[in-house]
Amino acid sequence: MVQNFTDRFNEAFRFSGFSQVQLAEQLGISKVLLNQYLQGSSTPKDIHRIVKLAKLLYVNPAWLAGYDVPMSNINIGKEEEEMLANYSKLNSLGKSKAD
């Protein structure tokens, strides 16, 4: 089964120990926007937000973005960060083809 950002974000969030309010504050976003991420009606548009979110949730940023990589938190290099940046620029059709 291919998982998207919303599926993976929900999975990581469940195990995080954060409340929605706490995580929203740590990210510097509103609880409304965080809830939209959880519901799948919005996704982070900025690669830096995905990386920050992944660090807070102790998961691999590439995994959180939907790539077929381990969930575990690892340090990513410039190449992986560029891949994530390029992926985040794709529309939903492009992302589904990339998956």
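This text goes with the structure placed above it.
Summary of the structure given here.

Conventions adopted
Residues numbered from 1 in each chain as written. Predicted model: local features only at pLDDT ≥ 70, side-chain atom pairs only at ≥ 80, totals over all residues. Heavy atoms only, no water. Axes fitted to C-alpha atoms, helices over the stretch in contact; angles between N-to-C directions. Helix = DSSP H or I, 4+ residues; strand = E, 2+ residues; numbered from the N terminus. Parallel < 35°, antiparallel > 145°, perpendicular 65-115°, else oblique. Left-handed = near helix turned anticlockwise from the far one by under 90°. Contact = heavy atoms within 4.5 Å. Nonpolar A, V, L, I, M, F, W, Y, C, P; charged D, E, K, R; others polar. Phe/Tyr/Trp six-rings, centres within 6.5 Å; stacked < 30°, edge-to-face > 60°. Core = buried A, V, L, I, M, F, W, Y, C linked by side-chain atoms within 4.5 Å. Buried < 20%, exposed > 50% of the residue type's maximum accessible area, 1.4 Å probe, protein only.

Running from amino to carboxyl end, helix H2 (residues 20–27) crosses helix H4 (residues 47–57) at an angle of 130°, the nearest separation of the two axes being 10 Å. Taken together, the axes of H2 and H4 lie oblique to each other. Note that H2 runs across H4; the crossing there is right-handed. Across the interface between the two elements, Leu23, Gln26 and Leu27 from H2 touch Arg49, Lys52, Leu53, Leu56 and Leu57 from H4. Looking at the contact of H2 with H4, its residues break down into five nonpolar, one polar and two charged.

Now for the packing of aromatic side chains. According to the stated counting rule, one finds four aromatic pairs in the structure shown. Joined through ring pairs, the aromatic side chains of Phe5, Phe9, Phe13 and Tyr37 make up one cluster.

Moving on: the nonpolar core. Core analysis: the largest hydrophobic core is formed by 25 residues, its most contacted members being Phe9, Leu23, Leu34, Leu53 and Leu64. Put simply, the parts of the chain that give this core at least two residues each are helix H1 (5–14), H2, helix H3 (31–39), H4, helix H5 (61–64) and helix H6 (78–89). For this core, the element with the most residues is H4, which contributes seven residues. Leu23 has contacts with Phe9, Phe13, Phe18, Leu34, Leu53, Leu56 and Leu57, leaving out every residue within four places of it along the chain.

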